[in-house]
Amino acid sequence: TYSVGQSHGLSKAKEDTYKARIDSVHFALDNDDGARTHHYDKADIILIGVSRCGKTPTCIYMALQFGVRAANYPITEDDLLDSELPKALHPYRHKLFGLTIEPERLSSIRNERRANSNYASLKQCIREVEEVESLYSRHNIGFVDSTHYSIEEISTKIMAEAGIERRFSPR
């Protein structure tokens, strides 16, 4: 039935949850892949890791299912040369959480994107994974291996290890 002031026929409580879910998804999309870092102060968590390890889908899932404001930042080859965290991440060290992946799986995923490139070579993937895991260790950043887990499992592990509370329960 038609009701003035209701969105999709939702009760006030469900409408608030719906708006929080949409706001969280917008946040995840707006803060994807390090494109914008000036809203990191509003993030609940910032996922970091090498390209194609699952940062974006994990952020979107956490936003959609739990209302978590999740941003992500790719650790690039240039970042790995420095052996330091990128400057944009320094003020938010307490919000950082890493993802890693087995080099063979990473190479397979990257070959789907750029076949037979240096970016997708097993040698390059081994180097990047070893260096990013070393970065996590040096800076005491928790991380999860995304190789054999679903986005749902990865998200649950991250939230448990990082101590992040759900803003609402899944649908």
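Residues numbered from 1 in each chain as written. Predicted model: local features only at pLDDT ≥ 70, side-chain atom pairs only at ≥ 80, totals over all residues. Heavy atoms only, no water.

### Details of helix α1 (residues 12-30)
Here is step 1 of the chain: With 19 residues, α1 should reach 27 Å at 1.5 Å per residue; the first-to-last C-alpha distance of 27 Å fits that figure.
Here is step 2 of the chain: If you check which residues of α1 are buried, you get Glu15, Arg21, Ser24, Val25, Phe27 and Ala28.
Here is step 3 of the chain: As for α1, its buried residues are in contact with α2 (55-66) and β2 (70-74). (Helix = DSSP H or I, 4+ residues; strand = E, 2+ residues; numbered from the N terminus. Expected span 1.5 Å × (residues − 1). Buried < 20%, exposed > 50% of the residue type's maximum accessible area, 1.4 Å probe, protein only. Contact = heavy atoms within 4.5 Å.)

### Points about the sheet that holds strand β1 (residues 45-49)
Here is step 1 of the chain: Reading across from one edge, β2-β1-β3-β4 is the order of the four strands in this open sheet, with parallel pairing throughout. The open sheet has two edge strands with one neighbour each: β2 and β4 (143-145). Strand-to-strand, the axes of this sheet are offset by a mean angle of 25°, without reference to chain direction.
Here is step 2 of the chain: Strand direction decides the pairing type here: β1 and strand β3 (residues 96-100), joined by three bridges, are parallel. (Pairing = 2+ DSSP bridges. Axes fitted to C-alpha atoms, helices over the stretch in contact; angles between N-to-C directions.)

### Quick look at the packing of helix α4 (residues 103-113) against helix α5 (residues 122-138)
Here is step 1 of the chain: Where α4 contacts α5, the axes come no closer than 8 Å and their chain directions differ by 125°. Regarding the angle of α4 to α5, the classification is oblique. Like other packed secondary-structure pairs, α4 and α5 cross with a definite hand, here right-handed. On α5, the residues touching Pro103, Glu104, Leu106, Ser107 and Arg110 of α4 are Leu122, Gln124, Cys125, Ile126, Glu128 and Val129.
Here is step 2 of the chain: Of the residues contributing to the contact of α4 with α5, the split by class is six nonpolar, two polar and three charged. (Parallel < 35°, antiparallel > 145°, perpendicular 65-115°, else oblique. Left-handed = near helix turned anticlockwise from the far one by under 90°. Nonpolar A, V, L, I, M, F, W, Y, C, P; charged D, E, K, R; others polar.)

### Section: the pattern of salt bridges
Here is step 1 of the chain: Taken as a whole, this structure holds seven salt bridges when the rule is applied.
Here is step 2 of the chain: A salt bridge links Asp41 to Lys42; the shortest N-O distance between them is 3.8 Å.
Here is step 3 of the chain: In this structure, Glu131 and Arg127 form a salt bridge, with 2.9 Å as the shortest nitrogen-oxygen distance. Taken together, the positions of Glu131 and Arg127, both in helix α5 and four residues apart, correspond to about one turn of that helix.
Here is step 4 of the chain: Counted as one network, the salt bridges with shared partners bring together Glu77, Arg127 and Glu131. (Salt bridge = Lys/Arg side-chain N within 4 Å of Asp/Glu carboxyl O.)

### Notes on the packing of aromatic side chains
Here is step 1 of the chain: Inspection of the entire model under this criterion finds three aromatic pairs.
Here is step 2 of the chain: Relative to Phe143, the ring of Tyr136 has its centre 5.1 Å away and its plane inclined at 35°; by these criteria the two rings are tilted.
Here is step 3 of the chain: The ring of Tyr119 has Arg114 sitting right over it, with the charged end atom 4.3 Å from the ring centre.
Here is step 4 of the chain: For Lys157, the ring lying beneath its charged end belongs to Tyr149, and the centroid distance is 4.1 Å. (Phe/Tyr/Trp six-rings, centres within 6.5 Å; stacked < 30°, edge-to-face > 60°. Lys NZ or Arg CZ within 6 Å of the ring centre and 35° of its normal.)

### Let's talk about the nonpolar core
Here is step 1 of the chain: Judged by nonpolar contacts, the single largest core of 41 residues is most densely connected at Ile45, Ile46, Ile48 and Ile158.
Here is step 2 of the chain: Every element with two or more residues in this core is listed here: α1, β1, α2, β2, β3, α5 and α6 (151-162). (Core = buried A, V, L, I, M, F, W, Y, C linked by side-chain atoms within 4.5 Å.)

### Describing the pairing of β2
Here is step 1 of the chain: In terms of residue burial, β2 counts as a mostly covered element, since five of its five residues are buried.
Here is step 2 of the chain: Side-chain alternation along β2 places Ala70, Asn72 and Pro74 on one buried face and Ala71 and Tyr73 on a second face that is also buried.
Here is step 3 of the chain: At this point the chain moves from β1, through α2, to the parallel β2, and the crossover so formed is right-handed. (Right-handed = clockwise from strand over helix to strand, strands pointing away.)

These figures come from the coordinates and say nothing about function on their own.
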